[in-house]
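Given next are the chains, with one letter for each unit.
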Amino acid sequence: MRSQQIVRMARDTGVMPERRILVVDDEDNLRTMLCAALRYEGYSVSEATDGHEGLRAVRETRPDLIVLDVMMPGLDGFAVCRRLRESGDRTPIIFLTARDSAKDKVEGLTIGGDDYLQKPFNLDELVARVEAVSRRVERAPSASDVYRVADLELDDVAHRVTRGGEEIQLSPTEYNLLRHLMQHTGRVLSRGQLLEGVWGYSRDDDPGVVETYIGYVRRKVDATEPKLIHTIRGVGYTLRLP
């Protein structure tokens, strides 16, 4: 919510604030290169060399986004993410890792990560991912944006989701995916359309992230009947009454 409020104020005044990025990586050369690339793009960048220092830096610098290496000695990236999420910190996180296991990718997204970039990667790709995640989080809601389907309600002003009057806790990416589905209630959206509309990626990117997050949202939203999120085999997904 802090980022959304800042962006709304900036749009009112016509001056956009400098977004703050925290880079946490124990590889000195890579960390220096990442920080230089992000500063070149106009970000205010702080850095940390390990997980413990990263947690302290989050408290001290209050970043808008964290670029977080997974494989660090002591407290690794997944442990850092878990501690932040358990404390209620929802700052978007992009994981960096040399691992290519799908299991690791799913774990990173499950514990609250917003994106996952495998090493080695192009610096332009990292900047594009940072921009995409930032756009998702900073998208300012309209005062009239309250969406309802059956007993499911999404209030985009309060940034609150309820079903049957019970509040549902969603990560920023889960929230944006549900909002996109509710904005297009009854319409079948392909994986490519969801990649573009929610993540800001090309339709040619890996659609696996869509399937993963559909599963997360479905488990939370469709814990009761009637089920509202439906898979249309060979086409995509839709949110509607059965």
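One numbering rule holds for all chains: residues counted from 1, following each sequence as written. Only residues with pLDDT of at least 70 get local features here, since the model is predicted, and only at 80 or more are side-chain atom pairs given and counted; chain-wide, interface and lining totals rely on the full set of residues. The side-chain numbers reported here are obtained from all heavy atoms of the structure, hydrogens and water having been left aside.

(A) Here's a closer look at the pairing of strand E8 (residues 160-163). Pairing between two strands is assigned when DSSP locates at least 2 bridges connecting them. Only DSSP runs of H or I covering at least 4 residues are called helices, and only runs of E covering at least 2 are called strands; the numbering of each starts at the N terminus. Of the pairings in the sheet, the one linking strand E7 (residues 152-155) to E8 comprises four bridges and is antiparallel in character. Bridge assignment links Leu154 to a residue of E8, and that residue is Val161. Counted between consecutive antiparallel strands, the loop separating E7 from E8 contains four residues, among which His159 sits at a positive phi close to 55 degrees. Taken together, E8 and the strand that follows it, strand E9 (residues 166-168), pair antiparallel across an intervening segment of two residues, in which Gly164 is found at a positive phi of about 60 degrees.

(B) Representation of the packing of helix H7 (residues 172-183) against helix H8 (residues 191-199) within the structure. With their axes 10 Å apart at the nearest point, H7 and H8 run at an angle of 120 degrees to one another. Between H7 and H8, the crossing angle belongs to the class labelled oblique. In the packing of H7 onto H8, the handedness of the crossing is right-handed. Every residue of H8 that contacts H7 at Thr173, Asn176, Leu177, His180 and Leu181 is listed here: Gln193, Leu194, Gly197, Val198 and Trp199. Side-chain classes are defined by residue name, with Ala, Val, Leu, Ile, Met, Phe, Trp, Tyr, Cys and Pro counting as nonpolar, Asp, Glu, Lys and Arg as charged, and the others, Gly among them, as polar. Looking at the contact of H7 with H8, its residues break down into five nonpolar, five polar and no charged. Axis geometry follows a simple rule: fit a line to the C-alpha atoms, using only the stretch in contact for helices, then measure angles between N-to-C directions, giving values from 0 to 180 degrees. Working rule for angles: under 35 degrees goes down as roughly parallel, over 145 as roughly antiparallel, 65 to 115 as roughly perpendicular, anything else as oblique. What makes a crossing left-handed is the near helix being turned counterclockwise from the far one by less than a right angle; a clockwise turn instead makes it right-handed. Residues count as neighbours in contact if any of their non-hydrogen atoms are within 4.5 Å of one another.

(C) Broad picture of the sheet that holds strand E5 (residues 115-118). Read across the open sheet, the five strands follow the order E2-E1-E3-E4-E5; overall the sheet is parallel. Strands at the two margins of the open sheet, each flanked by one partner only, are strand E2 (44-48) and E5. Neighbour to neighbour, the strand axes of the sheet diverge by 20 degrees on average, direction disregarded. Two elements, strand E4 (residues 93-97) and E5, share four bridges in a ladder whose sense is parallel. Residue pairing across strands places Phe95 opposite Tyr116, the latter belonging to E5. Lying on the sheet, helix H4 (residues 77-86) is in contact with strand E3 (65-69), E4 and E5; it crosses E4 at an angle near 165 degrees.

(D) Representation of the packing of H7 against helix H9 (residues 208-221) within the structure. At a minimum axis separation of 10 Å, H7 and H9 run at an interaxial angle of 80 degrees. Between H7 and H9, the crossing angle belongs to the class labelled roughly perpendicular. Residues Thr173, Glu174, Leu177, Leu178 and Leu181 of H7 form the contact with H9, whose participating residues are Tyr213, Ile214, Tyr216, Val217, Lys220 and Val221. A per-class count over the contact of H7 with H9 returns eight nonpolar, one polar and two charged.

(E) Expanded view of the side chain of His230. Tracing the backbone shows His230 in strand E10 (residues 229-232). At 3.2 Å, the side chain of His230 and the backbone oxygen of Lys227 are in polar contact. Engagement of the side chain of His230 in a polar contact is seen with the backbone oxygen of Leu228, the distance being 3.4 Å. Two N or O atoms count as a polar contact when they lie within 3.5 Å, although within protein this holds only if one can serve as hydrogen donor and the other as acceptor, and sequence-adjacent residues are included solely when both atoms are side-chain atoms.

(F) Inspection of the nonpolar core at higher detail. Throughout, nonpolar core names a set of buried Ala, Val, Leu, Ile, Met, Phe, Trp, Tyr and Cys residues whose side chains join them through atoms within 4.5 Å. Think of it in three bands: with a 1.4 Å probe and only protein chains considered, a residue is buried below 20% of the maximum accessible area for its type, exposed above 50%, and partly exposed in between. Residues Leu152, Leu177, Leu178 and Leu239 are the most contacted members of the largest nonpolar core, which totals 29 residues. At the level of elements, strand E6 (146-149), E7, H7, H8, H9 and strand E11 (236-239) are the ones that each hand at least two residues to this core. Ranked by residues supplied to this core, first place goes to H9 with seven residues. Discounting chain neighbours no more than four positions away, the residues touching Leu239 are Val149, Leu152, Leu178, Leu181, Met182, Thr185, Gly186, Leu228 and Ile229. Of all hydrophobic cores here, the second largest spans 20 residues; its members include Leu22, Ala79, Val80 and Phe95.

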